[in-house]
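Fold and geometry: a report
Here are the chains, one letter per residue:
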Amino acid sequence: MARLVLSLDGVVLREINLSKERTTVGRRSHNDVVIDNLAVSGEHAVIFHSSGDPYLEDLGSTNGTTVNGQPIKKHLLQTGDVIEIGKYRLRFLADGETEGESEVDIDTSQPLRREFYGPGPATIQVRQPGTLPADSALNGAALIKILSGANAGRELALVKALTTIGRPGHQVAVITRRPTGYFIAHVEGEVFPSVNGADLGSAAHPLRDKDVIELAGVKMEFLNPSSAAVAA
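Now for a look at the structure at hand. Fair warning: this is a prediction, and the values are worked out from it, not measured in the lab.

What follows concerns the environment of Arg-154. Assignment of secondary structure puts Arg-154 in the loop between β13 (143-146) and β14 (155-157). Note: C-alpha distance between Arg-154 and Met-220 (66 residues apart in sequence) is 9.7 Å.

All right, on to the pairing of strand β1 (residues 3-8) then. With 5 of 6 residues buried, β1 is to be regarded as a mostly interior element. Relative to strand β11 (residues 88-93), β1 runs antiparallel, the two being bridged by 6 bridges. Note on β11: the bridge partner recorded for Leu-4 is Phe-92. Sheet analysis places β1 next to strand β2 (residues 11-17), joined by 6 bridges and oriented antiparallel. Note on β2: the bridge partner recorded for Val-5 is Glu-15. Taken together, β1 and the strand that follows it, β2, pair antiparallel across an intervening segment of 2 residues, in which Asp-9 is found at a positive phi of about 55°.

A separate point is the pattern of salt bridges. In this structure the tally under the stated criterion is 4 salt bridges. Among the salt bridges present, the one from Lys-20 reaches Asp-32, with a minimum N-O distance of 2.6 Å. Pair noted here: Lys-20 is in the loop between β2 and β3 (22-26) and Asp-32 is in the loop between β3 and β4 (33-34), with a separation of 12 residues, a long-range link. Lys-20 sits in the partly exposed class, given a relative accessible area of 44%.

Cut-offs and rules
Per chain, residues are indexed from 1 in the order of the written sequence. In keeping with the model being predicted, local features are shown solely for residues with a pLDDT of at least 70 and side-chain atom pairs are shown and tallied solely at 80 or more, while totals for entire chains, interfaces and linings include all residues. Side-chain numbers come from the whole structure's heavy atoms, not from hydrogens or water. Here a helix means four or more residues in a row that DSSP labels H or I, a strand means two or more in a row labelled E, and each is numbered from the N terminus. Burial classification: accessible surface area is computed with a 1.4 Å probe over protein chains only, and a residue below 20% of its type maximum counts as buried, one above 50% as exposed, and the rest as partly exposed. Any two strands with at least two DSSP-identified bridges between them are counted as paired. Here, a salt bridge means any Lys or Arg side-chain nitrogen found within 4 Å of an Asp or Glu carboxyl oxygen.

The values reported here are purely geometric and, on their own, carry no functional implication.
Written out as structure tokens, the structure is:
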């Protein structure tokens with residue numbers, strides 16, 4: 001099922017399944033997606049299907065609607081498109097994703113540090129290299145190891161289905177855990193993050209053990225002990 005990922009300042013707020021033929025977005029309470037902000041019009045935009053294709057249409061809003069930084073009146077949506085309404089962002093993810101991916105447990109607590117944004121301390125464990133996590137549920141979990149910057153050497157355990165990383169207003173990405181593995185996707189910023197020196201682009205990219213990600217001026221390494229064990 002196609003869906004939207006709603007975020008504000010790089011923090012994911014919730015996901016909306018697009019189960020209806022028409023999904024309205026606006027400030028008033030009768031909309032399917034309500035954004036209670038004065039920069040958002042009462043009936044701001046609508047997502048609908050025409051001949052099986054998903055379209056976004058601005059409903060004559062006061063402040064307009066943009067997709068990937070470009071103002072639009074009507075736009076054929078593609079997976080990875082970032083819709084901007086006021087200060088809010090809605091990332092469109094098309095139908096056909098891996099089953100179970102939509103069942104995401106999203107934590108909207110404040111970020112741990114300036115450089116790395118995502119769920120709070122109960123969700124992402126930050127530990128010194130070489131130490132074992134206190135929570136046995138972390139054993140075998142994939143990790144992000146920070147290679148540069150003030151937090152170099154620290155590790156973030158990817159124990160949730162969705163982890164947002166980056167610097168809001170500059171560059172933000174999301175790492176999702178699916179039954180088939182881990183994927184990284186661009187969320188915010190004019191410049192795409194890179195994986196092993198190659199620009200990520202707008203589509204979700206599978207992560208493999210020891211991939212090097214560069215985001216918001218920080219290099220980090222993706223480590224997946226379970227996949228390394230299988231490869232061995």
